[in-house]
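Remarks on the overall topology
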There are 2 protein chains.
Amino acid sequence: MTSDQLSSTFAALADPTRRAILARLTSGEASVTQLAEPFEMSMPAISKHLKVLERTGLIARGHEAQWRPCRLKAGPLKDVADWAAQYRRFWAESFERLDDYLRDVQKKGKKYGHGKHHGKQRARIGAHPRV
Amino acid sequence: MTSDQLSSTFAALADPTRRAILARLTSGEASVTQLAEPFEMSMPAISKHLKVLERTGLIARGHEAQWRPCRLKAGPLKDVADWAAQYRRFWAESFERLDDYLRDVQKKGKKYGHGKHHGKQRARIGAHPRV
DNA sequence: GATGTATTTAACCTGTGGGTTAAGTACGGT
DNA sequence: ACCGTACTTAACCCACAGGTTAAATACATC
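Structural notes, computed from the coordinates. (Residues numbered from 1 in each chain as written. Chains lettered and ligands numbered in written order. Predicted model: local features only at pLDDT ≥ 70, side-chain atom pairs only at ≥ 80, totals over all residues. Heavy atoms only, no water.)

**Re the overall build of chain A**
Helix and strand counts for chain A come out as seven helices and two strands. When its helices and strands are written in sequence order, chain A yields α-α-α-α-β-β-α-α-α. Counting across all 131 residues of chain A, residues that qualify as buried make up 42%. Long-range pairs, those at least 24 residues apart, make up 50% of the contacts in chain A with a sequence separation of at least 6. Total accessible area on chain A stands at roughly 7500 Å², and carbon and sulfur atoms take up 52% of it. (Helix = DSSP H or I, 4+ residues; strand = E, 2+ residues; numbered from the N terminus. Buried < 20%, exposed > 50% of the residue type's maximum accessible area, 1.4 Å probe, protein only. Contact = heavy atoms within 4.5 Å. Areas by Shrake-Rupley, 256 points an atom, 1.4 Å probe, with all protein chains shown as cover.)

**Comments concerning the protein's contact with DNA strand C**
The environment of DNA strand C is formed by 22 residues, the closest being A:Thr33, A:Ser47, B:Ser42, B:Lys48 and B:His49. For DNA strand C, the backbone makes up 72% of the atoms found within 4 Å of the protein, where backbone means sugar plus phosphate. Between a phosphate oxygen of DNA strand C and a side-chain N or O atom of A:Lys51, the distance comes to 2.8 Å. When residues in the surface near DNA strand C are grouped by element, the largest group, five residues, is from helix H4 (residues 43–55) of chain A. Residues that form the surface near DNA strand C fall into these classes: eight nonpolar, seven polar and seven charged. (Near = heavy atom within 4 Å. Polar contact = N/O pair within 3.5 Å; in protein donor to acceptor, adjacent residues only side chain to side chain. Nonpolar A, V, L, I, M, F, W, Y, C, P; charged D, E, K, R; others polar.)

**Regarding the packing of helix H5 (residues 75–85) of chain A against helix H5 (residues 75–85) of chain B**
At a minimum axis separation of 9 Å, H5(A) and H5(B) run at an interaxial angle of 145°. Note that H5(A) runs across H5(B); the crossing there is left-handed. Facing A:Leu77, A:Val80, A:Ala81, A:Trp83 and A:Ala84 of H5(A), the residues of H5(B) in contact are B:Leu77, B:Val80, B:Ala81, B:Trp83 and B:Ala84. Its residues assigned to classes, the contact of H5(A) with H5(B) shows ten nonpolar, no polar and no charged. (Axes fitted to C-alpha atoms, helices over the stretch in contact; angles between N-to-C directions. Left-handed = near helix turned anticlockwise from the far one by under 90°.)

**So, the packing of helix H2 (residues 16–25) of chain B against helix H4 (residues 43–55) of chain B**
If you want to describe how two helices pack, look at the angle between their axes and the distance between the axes. All names here are of chain B. Relative orientation of the contacting elements H2 and H4 amounts to 70°, with a least axis distance of 10 Å. With respect to H4, the axis of H2 lies roughly perpendicular. Contacts between H2 and H4 pair Thr17, Arg18, Ile21 and Leu22 from the former with His49, Leu50, Val52 and Leu53 from the latter. Grouping the constituent residues of the contact of H2 with H4 by class yields five nonpolar, two polar and one charged. (Parallel < 35°, antiparallel > 145°, perpendicular 65-115°, else oblique.)

**As for H4(A)**
Residue and element names in this part refer to chain A. Between its terminal C-alpha atoms H4 stretches 18 Å, which fits the 18 Å expected from 13 residues at 1.5 Å a residue. Residues Ile46, His49, Leu50, Val52 and Leu53 constitute the buried set of H4. Across the axial projection of H4, the buried residues extend over an arc of 155°, all falling on one side. Exposed side of H4, more than 90 degrees from the buried face: Pro44, Lys48, Lys51 and Arg55 are the residues found there. (Expected span 1.5 Å × (residues − 1). Arc of directions from axis to C-beta.)

**A word on the protein's contact with DNA strand D**
Close to DNA strand D lie 22 residues, the nearest being A:Ser42, A:Lys48, A:His49, B:Thr33 and B:Ser47. Within 4 Å of the protein, atoms of DNA strand D come from sugar and phosphate in 71% of cases. Take A:Arg18: an N or O atom from its side chain is 3.0 Å from a phosphate oxygen of DNA strand D. B:Arg61 places a polar side-chain atom, nitrogen or oxygen, 3.1 Å from a phosphate oxygen of DNA strand D. Of all the secondary structure elements, the ones that give two or more residues to the surface near DNA strand D are H4 of chain A together with helix H3 (32–36) and H4 of chain B. When residues of the surface near DNA strand D are assigned to their parent elements, the largest contribution, five residues, is made by H4(B).

What follows is the structure, encoded as structure tokens:
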């Protein structure tokens, strides 16, 4: 999972129309026209959205007569979930308090660094998350 | 959690520089200059990235002398994790096979609908995900 | 082979995202 | 008071995302 793949996945998910399409596909395969139906949007627009989702690997497309049925491919969503899970401890309430405490402690030491030589800061807890 | 908030969070996370900044902030508060240091990018560029992260609620900023220390606010990441978790069963390998089976079953029934009257499809498993 | 349906492609418009440089603001130290 | 440091704002550029309409493609049916 390269950083670029994650970037395109997030970019794809940033559009509510595309998220709605994914949601719709959880109840099964659907044709382009069926997917377009809930939206006040031209077919080519939907077609573009589907192309984005396909490039990102979030859907796969079939080829039956004149239909191009879409089905959900949730693989990249696991990457998203895994990425976000790295920050789990930072949204846990208990950690918030711990963080405040650690910040106070840190305050006693040297901060930011004035002028050219600012010491590299150390990680305080756990390993560094993947980007 | 409105759909728009989720959209801006995903949009914010779609940029690798911003994700790197978040990762850096897991090891504690940092000044803008410190955050900028790893990147071959002008300060204003970093400043803009921070503004995006702040608007999205992913960081909060302090005000100490001429420094604007940033700290991580992981709240929105929980929303991301929760959203992605809705699709958990779709990336589980076991489900893939189940899905294939169900798709075959469905194939026996009417498909897509020819002409005007295509029947509304039913959800097959569980509830509909939030968008 | 003409017609209708499903979908994509092409050409185009507009807004915005991410970068730049240059100037402005705010603060501390001497 | 002046200088250096930290950071933001302003003005600008360019690429691209998301939408449009109109035309092209692919297939099924009559």
